[in-house]
Amino acid sequence: YASPHLIWSPNGPGYEPPSMGLRRILRMIDEARHSLRVYALLLDYRVFVDRLIAAAKRGVDVRIVTNRDPAALTFGQVRQLDTAGVRLAFDPTLGGQSLFVHTKALIRDAGTAHALAFVGSQNSGDEVSMQSERELGILLADRRVLQRMARTFDADWSTATPLAHDGGQAVDPYRRS
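Residues numbered from 1 in each chain as written. Predicted model: local features only at pLDDT ≥ 70, side-chain atom pairs only at ≥ 80, totals over all residues. Heavy atoms only, no water.

Caption draft 1: The arrangement of the overall build of the chain in detail. Along the backbone of the chain there are five helices and 12 strands. By the compact-globule yardstick of 16 Å for 177 residues, the chain fits well, its C-alpha radius of gyration being 16 Å. When its C-alpha atoms are laid out on the principal axes, the chain stretches across 50 × 35 × 35 Å. Per-residue burial for the chain yields a buried fraction of 47% across its 177 residues. On the chain, roughly 9,100 Å² of surface is accessible, and the fraction owed to carbon and sulfur atoms is 52%. (Helix = DSSP H or I, 4+ residues; strand = E, 2+ residues; numbered from the N terminus. Rg over C-alpha atoms; globule rule 2.2 N^0.38 Å. Buried < 20%, exposed > 50% of the residue type's maximum accessible area, 1.4 Å probe, protein only. Areas by Shrake-Rupley, 256 points an atom, 1.4 Å probe, with all protein chains shown as cover.)

What follows is the structure, encoded as structure tokens:
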């Protein structure tokens, strides 16, 4: 239980095993220097979203791959992230087949000596998952694993539909034609 690499949820005083997992994930975001790659099933946790926005505002290239259905966040949140410089893409494909993003992962500063990844069952962007559900994740620093994760993210990013803009404004990705 004392492994510095394990991130247990729920977090906070009184929960066993103690992990301070939320703090460690937020610190991972706060310490990003170049890039953050985020797979997100849910993004309704204000603390997490605010940290992604802060990273983008300090010049970190923040990219999120998620689904349009179900919506990971509201269109208001999409606009807020977009305005801050966070880039979003939806519904990646593999071999022409749509992929459902169920992955819960963050990759920080891939390709640098500062690289770190989080992989786990926690939806870091979801308050319920972080604060009241039994979840487990791990921090990874193995260079080969991080390179593979970054290549997979980049492939998914390249096949996903980027957030569209009209006249410089984000277009609602959830609007049905």
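So much for the structure itself; the text now carries on.
Caption draft 2: Broad picture of the nonpolar core. Within the largest apolar cluster, 38 residues are counted, with the highest numbers of intra-cluster contacts made by Phe48, Leu52 and Ile64. At the level of secondary structure, the elements contributing two or more residues to this core comprise helix 1 (21–30), strand 2 (35–39), helix 2 (46–57), strand 3 (61–66), helix 3 (75–84), strand 4 (87–90) and strand 8 (116–120). Element by element, the count of residues in this core is highest for helix 2, at six residues. Residue contacts for Leu52: discarding those within four places in its chain leaves Ile29, Leu36, Val38, Leu43, Val62, Ile64 and Val86. (Core = buried A, V, L, I, M, F, W, Y, C linked by side-chain atoms within 4.5 Å. Contact = heavy atoms within 4.5 Å.)

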